[in-house]
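# Inside the fold
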Amino acid sequence: YLLAGVLVVPAALSKSEMATAMPEAGGTYIYIERGMGPLLGTIAGVGTWFSLSFKGALALVGGVPYLLLLFDLPLKPVALGLAAVLILVNVVGAKQTGRLQVAIVVVMLAALGWFAAGSAPSVQSANYVDFFGYGLDGVLAATGLVFVSYAGVTKVASVAEEVSDPDRNIPIGIMGSLIFTTILYALIVTVMIGVTDPGSIADTDTPMAVAADATLGTAGVAAVVLAAILALVSTANAGILSSSRYPFAMARDNLVPDLMATVHERFGTPANSITLTGAVLLILIAFVPLLEIAKLASAFQILVFVLINVAVVAFREGSAEYEPAFTAPLYPWIQVFGVVSGVVLLTQMGTVPLVGAVVLTVAGVGWFLAYGRARVDREGAAVDAVRRQVGRTAV
């Protein structure tokens, strides 16, 4: 988790910069489309949409087992029912969604903080023996698997139009989220492994409950169950909120049908885009295994973060109007590090996520050629940057 957090830093800085220059709905899609053209914009839009949808599904499928510790119910019907409720909440309005998020996060962090603080004195160093037993390949594979956990740290940019004082609040929100969640993730996992025999949590769907029971008893299990339930609702809710803005933004650029850009007259939300996103979420929950959801979501997210870093270079080197209020430091080396590390990580994740990233890319290209190319007549800043460099070289 610490390594994954470090590898997210370049994309977080790059996205913060572009968000202050273009505070528009659509976030990642907008930046890559404007920077690298509609073809790569289509790939990024579809990729981010799927990645955030996958993360929402992962939260529900991975979190519901904690709820089932209290109630003897089937997992998938409960996950599908919660997803349907959250889809409805998002259609009703972003303001209500935001209020719900604040309340959920406050209670969730209090429960997680108690678990970490109360369990830390019981950590046994023997549980960390052979932690790097699979070598560098094992470390990179695990880092790639948990990468999806950081998909949320840059989500705020996808609803930038609805953020007050975006020049100040978006960079603070993105970088603050990254630092805080990296520390929290690493602390929780370190304590969870340190207080239990690794074998006892490897084969359970509720490892934190097992760890809490070993150190804090019934009260600890109750706190962890509460935190897990709130986390699954919060993550899935934020996933629907942010991912639904991608088809909405792409429709405004004529890359998907205009139907996705329709705003509900009463609620003021992109209801069609939310409904489509919700349908994808329900299909993922119903038919895709948990581990494959995690792998594919992480692979898509890594691919998109690589493109984000390239897009910043395209804007800075091109002649398009680009005036960010916040600029990423150590340009362009931080972006180069982000691209190289992302590609390396993607190659270490195994066949399924790598094939998934390739299929997604091909699907994005196919959709653009079949639908988008005839409807758009623009090019990204990167094309201009290349043209200018070729001209300088020729002179």
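Going by the structure above, here's the rest.
Quick notes on the rules
- Residues numbered from 1 in each chain as written.
- Predicted model: local features only at pLDDT ≥ 70, side-chain atom pairs only at ≥ 80, totals over all residues.
- Heavy atoms only, no water.
- Helix = DSSP H or I, 4+ residues; strand = E, 2+ residues; numbered from the N terminus.
- Rg over C-alpha atoms; globule rule 2.2 N^0.38 Å.
- Areas by Shrake-Rupley, 256 points an atom, 1.4 Å probe, with all protein chains shown as cover.
- Lys, Arg positive; Asp, Glu negative; His and termini not counted.
- Charge placed at Lys NZ, Arg CZ, Asp CG, Glu CD.
- Core = buried A, V, L, I, M, F, W, Y, C linked by side-chain atoms within 4.5 Å.
- Buried < 20%, exposed > 50% of the residue type's maximum accessible area, 1.4 Å probe, protein only.
- Contact = heavy atoms within 4.5 Å.
- Patch = residues over 30% accessible without salt bridge, like charges linked within 9 Å, V, L, I, M, F, W, Y side chains within 5 Å.
- Salt bridge = Lys/Arg side-chain N within 4 Å of Asp/Glu carboxyl O.
- Phe/Tyr/Trp six-rings, centres within 6.5 Å; stacked < 30°, edge-to-face > 60°.
- 1 Å grid on protein atoms, 1.4 Å probe; cavity = no way out; pocket = protein on both sides within 12 Å on 5 of 7 lines; lining within 4 Å.
- Points joined across faces, edges and corners; volume = space filled by probe spheres on them.
- Nonpolar A, V, L, I, M, F, W, Y, C, P; charged D, E, K, R; others polar.
- Polar contact = N/O pair within 3.5 Å; in protein donor to acceptor, adjacent residues only side chain to side chain.
- Axes fitted to C-alpha atoms, helices over the stretch in contact; angles between N-to-C directions.
- Parallel < 35°, antiparallel > 145°, perpendicular 65-115°, else oblique.
- Left-handed = near helix turned anticlockwise from the far one by under 90°.

Turning next to the overall build of the chain. Of regular secondary structure, the chain possesses 15 helices and zero strands. The C-alpha atoms of the chain give a radius of gyration of 21 Å, which matches the 21 Å a tight globule of 395 residues would have. Based on the C-alpha atoms only, the size of the chain along its principal axes is roughly 70 × 50 × 40 Å. For the chain, the exposed area adds up to about 17,300 Å²; of that, 68% sits on carbon and sulfur atoms. Here the chain contributes 19 positive and 24 negative side-chain charges, whose respective centroids are spaced 6 Å apart.

Another point: the nonpolar core. By size, the foremost hydrophobic cluster in this structure holds 111 residues, and its most contacted members are Met18, Leu60, Phe115, Phe147, Met208 and Ile285. With sequence-adjacent residues up to four places away left out, Met18 is seen in contact with Tyr31, Ile308, Ala311, Val312, Phe315 and Tyr322.

In the segment running from Tyr331 into Pro332, the intervening peptide bond is cis, with an omega of 0°. Here Pro332 shows up in the loop between helix H12 (290–317) and helix H13 (333–347). The phi torsion at Leu330 lies on the positive side, around 60°, for a residue other than glycine. Turning to its location among the elements, Leu330 is positioned in the loop between H12 and H13. Relative accessible area serves as the criterion here: at 64%, Leu330 is assigned to the exposed category.

Now for a nonpolar patch on the surface. A surface patch of nonpolar side chains, about 390 Å² in accessible area, is lined by Leu69, Leu70, Phe71 and Leu73. Exposure remark for Leu73: the relative accessible area of 44% places this residue in the partly exposed category.

Taken as a whole, this structure holds three salt bridges when the rule is applied. Taking the shortest distance from any N to any O, the salt bridge between Arg316 and Glu17 comes out at 2.7 Å. Of the two residues, Arg316 sits in helix H12 while Glu17 sits in helix H1 (residues 2–21), which places them 299 residues apart along the sequence. Glu17 sits in the buried class, given a relative accessible area of 0%. Within this structure, Glu33, Arg34 and Asp253 form a network of salt bridges that share partners.

Relative to the elements of secondary structure, Ile240 occurs in helix H9 (residues 207–243). Residue classification places Ile240 among the buried positions, given a relative accessible area of 3%. Between the C-alpha atoms of Ile240 and Trp49, which are 191 residues apart in sequence, the distance is 9.4 Å. Ignoring sequence-local partners within four residues, the contact set of Ile240 consists of Ala83, Leu86, Ile87, Asn90, Ile274 and Leu281.

Applying the stated rule across the entire model yields 10 aromatic pairs. Each ring, one from Phe50 and one from Phe54, has its centre 6.4 Å from the other, and the planes form 50°; the classification is tilted. With a gap of four residues between them, Phe50 and Phe54 both fall in helix H3 (residues 38–67), about one helical turn apart. A relative accessible area of 6% places Phe54 in the buried class. Where Trp367 meets Tyr371, the ring centres are 5.1 Å apart and the plane angle is 20°; that geometry is what we call stacked. Pair noted here: Trp367 and Tyr371 are both in helix H14 (residues 351–372), with a separation of four residues, about one helical turn.

Turning next to the layout of surface pockets. Each pocket or cavity is described by its volume, and for the second largest pocket that value is around 240 Å³. Here the lining of the second largest pocket gets four residues from one element, more than from any other, and that element is H3. Across the lining of the second largest pocket, the residue classes break down as 11 nonpolar, one polar and no charged.

Going through the model one piece at a time under the given rule, you end up with two cavities of 30 Å³ or more. Counted as a void, the largest cavity has a volume near 70 Å³. Contributing elements (two or more residues each) for the lining of the largest cavity: H1, H12 and H13. By residue class, the composition of the lining of the largest cavity is seven nonpolar, four polar and no charged.

With that settled, the discussion passes to the side chain of Glu33. With respect to the helices and strands, the residue Glu33 is situated in helix H2 (residues 28–36). We classify Glu33 as buried; its relative accessible area is 2%. Side chain to side chain, Glu33 and Arg34 meet in a polar contact 2.5 Å long.

It is worth spelling out the packing of H3 against helix H11 (residues 271–287) at this point. Packed helix pairs are specified by the crossing angle of their axes together with the interaxial distance, meaning the distance between the axes. Two numbers describe how H3 lies on H11: the axes approach to 9 Å, and their chain directions differ by 50°. The orientation of H3 relative to H11 falls into the category oblique. The handedness of the crossing between H3 and H11 comes out as right-handed. Note on element contacts: H11 touches H3 through Leu276, Thr277, Val280, Leu281, Leu284 and Ile285, opposite Trp49, Phe50, Ser53, Phe54, Gly56, Ala57, Leu60 and Val61.

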